[in-house]
Amino acid sequence: MANSKVAIYGAVAANVAIAVTKFVVAGITGSSAMLSEGIHSAVDTFNGILLLVGLKLSQRPATPEHPFGHGKELYFWSLIVAVLIFGVGGGLSFYEGVQQVRHPQPMQDPMWNYVVLGVAAVFEGSSFVIALRQFLTQAGSTPFWEALHRSKDPTTYTVLAEDSAALIGLVVAAVGIALSQGLDKPVLDGAASLIIGLLLAGVAVALTWESRSLLIGEGIRPETARAIRSIALAQPKVRDVGRVLSMYVGPDDVLVTMDMDFDDGTAAADAGIAIAAVERQVRARYPMIKRLFIEAGAVPAQQRWSRPDSTQAPADRQ
């Protein structure tokens, strides 16, 4: 969590300075693309604050009303961030682009745009590097794209996505301004604003999809579930193991439940030893599993395969 805060603080600090500068220069030059970039940076600043709020609220202890804690607060606020990027960032940028395309206005003193874009690139690049370093530290030896896909910490991948979109947006704005000035076609400045709006909308959709998946109860990866089941099946006197059911209740907090069926006549002490061994091995291998609940019993085969979490192939059922 401390590493996540560093990335967010870096992004907020960079975006505050950039947003103010962009708005001032957009007012001086009349550039539509620069105004869109100013909106983009302002939204990113507010989003960073919301992520900090979500991070703080998610760390509250469990209560009777929320017995598994408040970890999903972070997923909720990351969803709000995605909505703001789409509606405010993407929507206003697209609207400004449409207005400039319909009613083109020539820019004044365009050189200021290039100065600000260059300074913004330095700030955005610094924020991106900070977020990237934090992410790579968390990922360890896992390849970048695989780690990004597996990550359940919205503070890190949201900042990475925002900074990536910001850097691409700066390039688009620079090209649009240059073409508008060189070809004397103000409409191209508006076209750049449209592209920036679409870029932000695309990033927002991706972030919304990830937040939705986590909010509605995304579980561990299938290969992780299979590994946990294999650990249980390797224990003495274990006849079968039901489906491993799981859910992320926070970025580093997973709830797992499973059934272990023992051979007939297995003593309670032996079953207890097997369950303890499974808990010990699973927690050691997967430290993000904070809550592991195992139900044990000697269930008849017919009843076992009729359970909703049966792992028997349909063709094998009697």
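Remember, it's a predicted structure, so these values are computed and weren't measured experimentally.

### What to know about the packing of helix 2 (residues 32-58) against helix 6 (residues 154-182)
Then comes step 1: One can describe the packing of helix 2 onto helix 6 by two numbers: an axis separation of 10 Å at closest approach and a directional angle of 175 degrees. Between helix 2 and helix 6, the angle is such that the two are roughly antiparallel. On the side of helix 2, the interface is formed by Ala33, Met34, Glu37, His40, Asp44, Asn47, Leu51 and Leu55, while helix 6 contributes Thr155, Thr158, Val159, Glu162, Ala165, Ala166, Gly169, Leu170, Ala173 and Ile177.
Then comes step 2: When its residues are assigned to classes, the contact of helix 2 with helix 6 shows ten nonpolar, five polar and three charged.

### A look at unusual backbone geometry
Then comes step 1: The phi dihedral of aspartate 184 is positive, around 55 degrees, even though this residue is not glycine.
Then comes step 2: The exposed category is assigned to aspartate 184, whose relative accessible area is 64%.
Then comes step 3: For lysine 237, which is not glycine, the phi dihedral falls at a positive 70 degrees.
Then comes step 4: In this structure, lysine 237 sits in the loop between helix 8 (222-233) and strand 1 (238-241).
Then comes step 5: Looking at lysine 237, the relative accessible area reads 41%, which means it is partly exposed.

### Quick notes on the confidence of the model for the protein
In low-pLDDT segments, the atomic positions of the prediction should not be examined closely.
Then comes step 1: Looking at the protein, the pLDDT average stands at 83 and 92% of residues meet or exceed 70.
Then comes step 2: Taking the mean pLDDT of every element in the protein, the minimum, 51, falls on helix 10 (residues 301-305) and the maximum, 93, on helix 9 (residues 268-285).
Then comes step 3: Across residues 313-318, where pLDDT falls below 50, the model places three contacts with residues more than four positions away in sequence or in other chains.

Definitions and limits used
- Residues numbered from 1 in each chain as written.
- Predicted model: local features only at pLDDT ≥ 70, side-chain atom pairs only at ≥ 80, totals over all residues.
- Heavy atoms only, no water.
- Axes fitted to C-alpha atoms, helices over the stretch in contact; angles between N-to-C directions.
- Helix = DSSP H or I, 4+ residues; strand = E, 2+ residues; numbered from the N terminus.
- Parallel < 35°, antiparallel > 145°, perpendicular 65-115°, else oblique.
- Contact = heavy atoms within 4.5 Å.
- Nonpolar A, V, L, I, M, F, W, Y, C, P; charged D, E, K, R; others polar.
- Buried < 20%, exposed > 50% of the residue type's maximum accessible area, 1.4 Å probe, protein only.
- pLDDT = per-residue confidence, 0-100.

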